[in-house]
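Spelled out, the chains give:
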Amino acid sequence: MKIIVTSLFVEDQDKALQFYTEKLGFVKKHDIPMGKFRWITLVSPDAQAGTELLLEPNEHPAAKEFQKKIVADGIPATMFGVDDIHKEYNRLLENGVKFTMEPTKMGEVTIAVFDDTCGNLIQIIEK
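One structure accompanies this document, and this report is about it. Sequence order sets the numbering: in each chain, residues are counted from 1 along the sequence as written. Per-residue local features of the predicted model are confined to residues with pLDDT of at least 70, and side-chain atom pairs are confined, for both listing and counting, to 80 or more; whole-chain, interface and lining totals are unaffected and use all residues. Where side-chain values are given, they derive from all heavy atoms of the structure, hydrogens and water being excluded.

### Comments concerning the environment of Asp-73
Tracing the backbone through its elements, the reader meets Asp-73 in the loop between helix H2 (61-72) and strand S5 (78-81). In sequence terms Asp-73 and Gly-96 are 23 residues apart; their C-alpha atoms lie 23 Å from each other. Each helix is a run of DSSP H or I of at least 4 residues and each strand a run of E of at least 2, with the numbering of both proceeding from the N terminus.

### Quick notes on a nonpolar patch on the surface
Think of a patch as exposed residues, more than 30% relative accessible area, with no salt bridge, where like charges cluster within 9 Å and nonpolar side chains (Val, Leu, Ile, Met, Phe, Trp, Tyr) cluster within 5 Å. Only the protein chains shown count as covering a residue, and every accessible area follows the Shrake-Rupley method with a 1.4 Å probe. Take a side-chain nitrogen of Lys or Arg and a carboxyl oxygen of Asp or Glu: if they are within 4 Å of each other, that pair is a salt bridge. Residues Ile-4, Val-5, Ile-32, Met-34 and Trp-39 make up a contiguous nonpolar surface patch of roughly 440 Å² in combined accessible area. Within the element layout of this structure, Trp-39 appears in strand S3 (residues 37-43). To sort residues, take the accessible area from a 1.4 Å probe on protein chains only and compare it with the maximum for the residue type: under 20% means buried, over 50% means exposed, and anything in between is partly exposed. The class for Trp-39 is partly exposed, based on a relative accessible area of 31%.

### Overview of the pairing of strand S8 (residues 121-126)
The buried fraction of S8 amounts to 5 of the 6 residues, a majority that puts the element mostly inside the structure. Note that S5 and S8 share 4 bridges and pair parallel. Considered in S8, the bridge of Met-79 is made with Gln-123. In this description, strands pair whenever DSSP reports at least two bridges between them. Across 6 bridges, the pairing between strand S7 (residues 109-115) and S8 is antiparallel. Within S8, the residue paired with Ala-112 across the bridge is Ile-124. Connecting S7 to the next strand, S8, in antiparallel fashion are 5 residues, including Thr-117 with a positive phi near 65 degrees.

### Thoughts on helix H3 (residues 85-94)
Residues of H3 that are buried: Ile-85, Glu-88, Tyr-89 and Leu-92. Mapping the buried residues of H3 onto a view down its axis gives an arc of 105 degrees, with all of them on the same face. Of the exposed residues in H3, those oriented more than 90 degrees away from the buried face are Lys-87 and Glu-94. Contacts between residues were defined by any pair of non-hydrogen atoms, one from each residue, lying within 4.5 Å. The inward-facing, buried residues of H3 abut helix H1 (13-23), strand S6 (98-106), S7 and S8. Sitting at the head of H3, Asp-84 places a side-chain oxygen 3.2 Å from the backbone nitrogen of His-86. Looking one or two residues beyond H3, the residue adopting positive phi is Gly-96, at roughly 85 degrees. Throughout, the arc means the angular range of directions from the helix axis out to the C-beta atoms. As used in this structure description, the phrase polar contact means that two N or O atoms lie within 3.5 Å; if the pair is within protein, one of them must be able to donate a hydrogen and the other to accept it, and residues adjacent in sequence are counted only when both atoms belong to side chains.

### A word on the side chain of Thr-41
Considering the arrangement of structural elements, one finds Thr-41 in strand S3. Among the polar contacts made by the side chain of Thr-41, one reaches the side chain of Glu-52 at a distance of 2.8 Å. Ignoring any residue separated from it by four or fewer positions in sequence, one finds Thr-41 in contact with Val-27, Lys-28, Lys-29, His-30, Glu-52, Leu-53 and Leu-54.

### Describing the nonpolar core
Nonpolar core, defined: a set of buried Ala, Val, Leu, Ile, Met, Phe, Trp, Tyr and Cys residues in which side-chain atoms within 4.5 Å join the residues together. Membership of the largest hydrophobic core comes to 24 residues, with the highest contact counts inside it found for Tyr-20, Leu-24, Leu-55, Phe-80, Phe-99, Phe-114 and Ile-124. Breaking this core down by element, the ones donating at least two residues are strand S1 (5-10), H1, S3, strand S4 (52-57), H3, S7 and S8. Looking at this core, the element that brings in the most residues is H1, giving 4 residues.

Structure (structure tokens):
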């Protein structure tokens, strides 16, 4: 068994698609109309056959509440791995990404957290 798709609740699919592709550099894999919303998945540019990230509308009241509460508590919704966190941090800053935590050493790893502008905090990690 392997993970093929993981989802992330977003407030606005178009805004999320733009942020995740233009600011972060992910590649759109699927964009399929599904009634009022779309099935939009993204992949890493260097692993296009890998795990897909689904930009899931937070339309359900429980999703909205979940999103609000974890952001209020400073909890990232997901984590992305990077090879060089300081290089990635600087690249994202140059792209206008707002960080809530700059790169911080935590034991064996270094992490940073940013706001995805779509209702989530996202953590990046260098192992």
